[in-house]
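What the coordinates show
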Amino acid sequence: MALRDKPSQFVAWLQAGPMMLVFLVFFLVPLAFVIIVSFWDYNEYEMIPSFTTRGYVETFEGCLAQLPDLCTILKTYLKTLKLCFLVWLITLVIGFTVAYFLAFHIRSKTWQIALSLICTIPFWTSNVIRMIAWIPLLGRNGLVNSGLVKAGVIDKPLEWLLYSEFAVVLALVHLFTFFMVVPIFNSMIRIDKRLIEAAYDAGATGFQTLTNVIIPLAKPGIVIGSIFVITIVMGDFVTIGVMGGQQIAAAGKIIETRLNALQFPAAAANAVILLGITFMIIAMLSRLVDVRKEL
Amino acid sequence: MTEDTTKSGLSRRTLLKGAAAGAGLAAGSGAITGFPYVMSQEAKVLRYLGTAVNAGDEISKKCLADTGIKIEYITVTTDDVTKRVVTQPNSFDVLDTEYFSLKKLVPSGNILALDAKKIKEFNNITPVFTKGQLPSGKKIGDQGTAPWKVLYLEGKDSKTFAKSPTEFVTLIPTVYNADTLGIRPDLIKRPISSWAELLNPEFKGKASILNIPSIGIMDAAMVVEATGQYKYADKGNMTKAEIDLTMKILTEAKKSGQFRAFWKDFNESVNLMASGETVIQSMWSPAVTKVRSMGIPCVFQPLKEGYRSWASGFCVSKGVSGKKLEWAYEFVNWFLSGWAGAYLNRQGYYSAVLSTAKANMEPYEWAYWMEGKAAEKDIKAPDGSLLEKAGAIRDGGSYDDRMGSVACWNAVMDENDYMVRKWNEFIAA
């Protein structure tokens, strides 16, 4: 037994090896560096490799004293979570609907493939372009405003269309809905159609079928899509910066400004905090469904 | 004999290949100089790190034609310039940066002091840089990181600034300007004369300030002084309490919705103004020119409290030596020799060597841009597009009027770290 096991174990390690190596070199090692650097000291122009918790302490400076008022950093994280939640909710609803339509309303395989390919068309242009394209549309003198004014719906341009949370959420939803569609669609097409027929035969209404059959079976897709969207939005600073007119704080933005001021250890500390929070959210999501088992 | 030559030739070649591959272009071209016939072919390339402001296509074309030096622009934002110098000093040869950055760059040890003796026009550089005064002798404001405070180093490898002139120069000045607010006169419809207007609730949701902390806070300080709320000892070197006060005033304005957006680069500021999202904002002179050349009225408004000035120049990466260093000197000398200076003057900037720029401009151009006189003929931008019709007068008047009214210079404060944290809180508030 033992003799026969060893070679197969060796082969298994060999097969997993390349991926492990990539994971180690491009993920674990850099992450370890970030964590180490987050405990370094710094000045205007260099990092000083001595242990200090300055990066963390200064991040939360004055937070205790300000209670019960929230300090800027906590407000920033709350704002990030709020944006993240909104984007997640909207992409989930849209993504689920699109996937549902593709999986259950389109009968032919060819059309399913063709239509899901159409969903990828926006990805042929870069994220930045798709984001910036909203600006002339939403601006004070943009298409939407001038259209509404001319149509007599409003008498002066809406200010909240651009450089606002609305614009941020809109752009993020536009950019990332597809990340929900694909995994959910993927789960849905693998649902045995006979289950739905059985539900129908047993007298379930459409809504009951949806909540009792389809949603539970599409859960892995929903969780995977959610992980995609949440991790991207939590770390985003470009979209939030551009669409928010650089006025809306986000966790990623703090890291960016720290980097710009050459305060690398402080940026690393903030990155570690952000990673921790994102990790907690994902851990909670993974509690809901064992992704590995369902795949 | 024959065999020997071939052999040694071959091995030298292999060695060269190895050197070129290993040490990159710089070392490679340096090694090749042993062969005269190869040298005539070698490309004179300088990697030029700077912001988009000075990275003119025309300048690089003219430079290539005049000197054979090919300029490869690496265009990044002001913050990224500094970041790159500190973290990747080998990724560029010539650096175009502002004097206020020197307080970070010089201690990092990544830039090379230039030898004033090798700069042909060094003694003709305007006294604004060397003495802090106008050619007429009038003293100008020295709050903040004024260029003459950080122009010289004590020695070749020194990391401390010299109090009096030495031959080791940190940054050869090229271009500078007196900055003020940009406004849209067609949308404001009344005269603007004070920095205080930036935070005037009348322009609620239509103002903007730039999101580069070390410059933005100076604009804020000009506003605070203009509103009479506080008088700083040195706007460019605030105490923690002064930083708190300034940021508090800005934060209150932000919370009440004063700002439409913050901008970080040239094009963002142009877009904000041109699209009418903002009507009053911190702006750079060529950005105003750009908006105006799009056919949209925009004024670089002179204000009674004076200007916030900045200056930038060239220095060289520590990693540059040998031939490459000579090209760098050649490039700097070419830049100061007049054509580029005239080009910059026509954009609304000022050139460091006035005499050579003057020689390269038409008398009517010089009169318009530098002497504050009404334009005798139509004023054209460097690209040939019409800027002003005959009879127009430059915003803010002559060189002496503008540079003479400088109140402070862009700065890096002693409390910079604290200031950046507070600025972060302001942006996040």
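An account of the accompanying structure is given in this report. Quantities reported herein were computed from a predicted structural model and do not represent experimental measurements.

1. Section: the overall build of chain B
Check the secondary structure of chain B and you find 17 helices and 17 strands. Long-range contacts, defined as pairs at least 24 residues apart, comprise 68% of the intrachain contacts of chain B with a sequence gap of at least 6.

2. A short note on the overall build of chain A
Looking only at helices and strands, chain A has 15 helices and 2 strands in total. The C-alpha atoms of chain A give a radius of gyration of 24 Å, which is well past the 19 Å a tight globule of 295 residues would have. Dimensions of chain A, computed from C-alpha atoms along their principal axes, come out at roughly 85 × 70 × 40 Å. The buried share of chain A, reckoned over its 295 residues, is 39%. Taking as baseline every contact in chain A between residues at least 6 positions apart, the subset at least 24 positions apart corresponds to 69%. Summed over all atoms, the accessible surface of chain A reaches about 16,800 Å², with 73% contributed by carbon and sulfur. Chain A carries 21 positive and 17 negative side-chain charges, and their two centres are separated by 8 Å.

3. Points about the environment of Ser398 of chain B
Residues and elements named next belong to chain B. Within the secondary structure, Ser398 is located in the loop between β16 (386-388) and α16 (399-404). With relative accessibility at 11%, the residue Ser398 sits in the buried group. C-alpha separation for the pair Ser398 and Gly348, spaced 50 residues apart in sequence, amounts to 11 Å.

4. Some points on the interface of chain B and chain A
Chain B puts 34 residues into the contact, and the matching count from chain A is 28 residues. Approximately 2,800 Å² of surface area, both sides summed, lies buried where chain B meets chain A, with 46% of it carried by carbon and sulfur atoms. Remark: the boundary between chain B and chain A carries 3 salt bridges. One salt bridge in this structure joins Glu159 of chain A and Arg260 of chain B, with 3.7 Å as the shortest N-O distance. Our enumeration of links across chain B and chain A arrives at 15 residue pairs in polar contact (both at pLDDT 80 or more).

5. Considerations on the pairing of strand β1 (residues 44-50) of chain B
Residues and elements named next belong to chain B. Burial of β1 is extensive: 5 of the 7 residues sit out of reach of the surface. Of the pairings in the sheet, the one linking β1 to strand β2 (residues 69-75) comprises 7 bridges and is parallel in character. Across the sheet, the residue bridging to Arg47 is Glu72, located in β2. With 2 bridges joining them, β1 and strand β3 (residues 94-98) adopt parallel strand pairing. From the neighbouring strand, Leu49 faces β3, where its bridge partner is Leu95.

6. Some details on the layout of surface pockets
Rolling a probe over the atoms, with the probe sized like a water molecule, indicates the empty space that remains. Estimated volume of the largest pocket: approximately 710 Å³. Taken together, 33 residues make up the lining of the largest pocket; nearest its centre are Ile132, Ile135, Val242 and Gln246 of chain A together with Glu268 of chain B. Of all the secondary-structure elements, those providing two or more residues to the lining of the largest pocket are α6 (127-132), α7 (134-138), α12 (238-243) and α13 (251-260) of chain A together with β10 (259-263) and α10 (266-274) of chain B. With 4 residues, α10 of chain B is the largest single contributor of residues to the lining of the largest pocket. Its residues assigned to classes, the lining of the largest pocket comprises 14 nonpolar, 11 polar and 8 charged.

7. Topic: the nonpolar core
Within the largest apolar cluster, 88 residues are counted, with the highest numbers of intra-cluster contacts made by Leu95, Phe331, Tyr399, Met403 and Trp409 of chain B. Examining the composition of this core, we find that 9 residues originate from one element, helix α12 (residues 322-336) of chain B, more than from any other. Other than its neighbours up to four places away in sequence, Met403 of chain B contacts Val128, Leu134, Ile140, Tyr176, Asn177, Ala178, Ser309, Tyr350 and Trp409 of chain B. Formed by 69 residues, the second largest nonpolar core is a distinct cluster that contains Ile154, Leu158, Leu161 and Tyr163 of chain A.

8. Comments concerning the sheet that holds strand β8 (residues 181-183) of chain B
Strand pairing in a sheet is mediated by backbone hydrogen bonds. Such pairs are either parallel or antiparallel. Residue and element names in this part refer to chain B. Overall, mixed pairing links the 5 strands, which are arranged β10-β9-β11-β8-β12 in an open sheet. Whereas interior strands pair on both sides, the edge strands pair on one side only; in this sheet they are β10 and β12 (299-301). This sheet shows a mean twist of 25 degrees between the axes of neighbouring strands, independent of strand direction. Inspection of the sheet shows strand β9 (residues 207-210) paired to strand β11 (residues 280-282) by 2 bridges, in the parallel sense. Looking at β11, one finds that Ala207 is bridged to Ile280.

9. Description of helix α13 (residues 339-346) of chain B
Residues and elements named next belong to chain B. The buried count for α13 comes to 7 of 8 residues, which makes it a mostly enclosed element. Within the sequence span of α13, burial applies to Ala340, Gly341, Ala342, Tyr343, Leu344, Asn345 and Arg346. A positive phi of about 100 degrees marks Gly348, the residue just after α13.

10. Observations concerning the packing of helix α4 (residues 72-105) of chain A against helix α5 (residues 109-119) of chain A
Axes are the key here: two packed helices are described by the angle between their axes and the distance separating the axes. Residue and element names in this part refer to chain A. In the contact formed by α4 and α5, the axes pass within 9 Å of each other and the chain directions differ by 160 degrees. One way to sum up the angle between α4 and α5 is to call them roughly antiparallel. When you trace α4 past α5, the crossing you get is right-handed. Residues Val98, Phe101, Leu102 and Ala103 of α4 form the contact with α5, whose participating residues are Gln112, Leu115, Ser116 and Cys119. Here the contact of α4 with α5 is built from residues that sort into 6 nonpolar, 2 polar and no charged.

11. Considerations on unusual backbone geometry
One non-glycine residue with positive phi stands out, namely Gln246 of chain A, at about 60 degrees. Not every positive phi belongs to a glycine, and Lys189 of chain B is a case in point at roughly 60 degrees. Positionally, Lys189 of chain B belongs in the loop between α7 (185-188) and β9.

12. Quick word on the state of the cysteines
Within the structure shown, the criterion is met by 1 disulfide over all chains. Across the disulfide from Cys63 of chain A sits Cys71 of chain A; the S-S distance is 1.9 Å. Its torsion about the S-S bond being 80 degrees, the disulfide of Cys63 of chain A and Cys71 of chain A is classed as right-handed. As a non-bridged cysteine, Cys63 of chain B has Cys315 of chain B as the owner of its nearest cysteine sulfur, 17 Å distant.

13. Focus on the pattern of salt bridges
Within the structure shown, the criterion is met by 33 salt bridges over all chains. Lys248 of chain B is the partner of Glu252 of chain B in a salt bridge, and the nearest nitrogen-oxygen pair spans 3.7 Å. Within this pair, Glu252 of chain B and its partner Lys248 of chain B are both found in helix α9 (residues 240-255), separated by 4 residues, close to a single helical turn. Residues participating in the shared-partner salt-bridge network are Asp41, Arg54 and Glu58 of chain A together with Asp417 and Arg421 of chain B.

14. Brief notes about the packing of aromatic side chains
The final tally for this structure, using the stated rule, is 35 aromatic pairs over all chains. Consider the rings of Tyr350 of chain B and Tyr399 of chain B, whose centres lie 4.8 Å apart with planes at 90 degrees: the pair is edge-to-face. One end of the pair, Tyr350 of chain B, is in strand β14 (residues 350-351); the other, Tyr399 of chain B, is in helix α16, and 49 residues separate them in sequence. The same class applies to Tyr350 of chain B and to Tyr399 of chain B, which are both buried. Over the aromatic face of Tyr42 of chain A sits the side chain of Arg54 of chain A, whose NZ or CZ is 3.9 Å from the ring centroid. Above the plane of the ring of Phe123 of chain A lies Arg130 of chain A, whose end atom (NZ or CZ) is 4.6 Å from the centre.

Rules behind the numbers
- Residues numbered from 1 in each chain as written.
- Chains lettered and ligands numbered in written order.
- Predicted model: local features only at pLDDT ≥ 70, side-chain atom pairs only at ≥ 80, totals over all residues.
- Heavy atoms only, no water.
- Helix = DSSP H or I, 4+ residues; strand = E, 2+ residues; numbered from the N terminus.
- Contact = heavy atoms within 4.5 Å.
- Rg over C-alpha atoms; globule rule 2.2 N^0.38 Å.
- Buried < 20%, exposed > 50% of the residue type's maximum accessible area, 1.4 Å probe, protein only.
- Areas by Shrake-Rupley, 256 points an atom, 1.4 Å probe, with all protein chains shown as cover.
- Lys, Arg positive; Asp, Glu negative; His and termini not counted.
- Charge placed at Lys NZ, Arg CZ, Asp CG, Glu CD.
- Buried area = accessible area lost by both parts, 1.4 Å probe.
- Salt bridge = Lys/Arg side-chain N within 4 Å of Asp/Glu carboxyl O.
- Polar contact = N/O pair within 3.5 Å; in protein donor to acceptor, adjacent residues only side chain to side chain.
- Pairing = 2+ DSSP bridges.
- 1 Å grid on protein atoms, 1.4 Å probe; cavity = no way out; pocket = protein on both sides within 12 Å on 5 of 7 lines; lining within 4 Å.
- Points joined across faces, edges and corners; volume = space filled by probe spheres on them.
- Nonpolar A, V, L, I, M, F, W, Y, C, P; charged D, E, K, R; others polar.
- Core = buried A, V, L, I, M, F, W, Y, C linked by side-chain atoms within 4.5 Å.
- Axes fitted to C-alpha atoms, helices over the stretch in contact; angles between N-to-C directions.
- Parallel < 35°, antiparallel > 145°, perpendicular 65-115°, else oblique.
- Left-handed = near helix turned anticlockwise from the far one by under 90°.
- Disulfide = S-S within 2.5 Å.
- Phe/Tyr/Trp six-rings, centres within 6.5 Å; stacked < 30°, edge-to-face > 60°.
- Lys NZ or Arg CZ within 6 Å of the ring centre and 35° of its normal.

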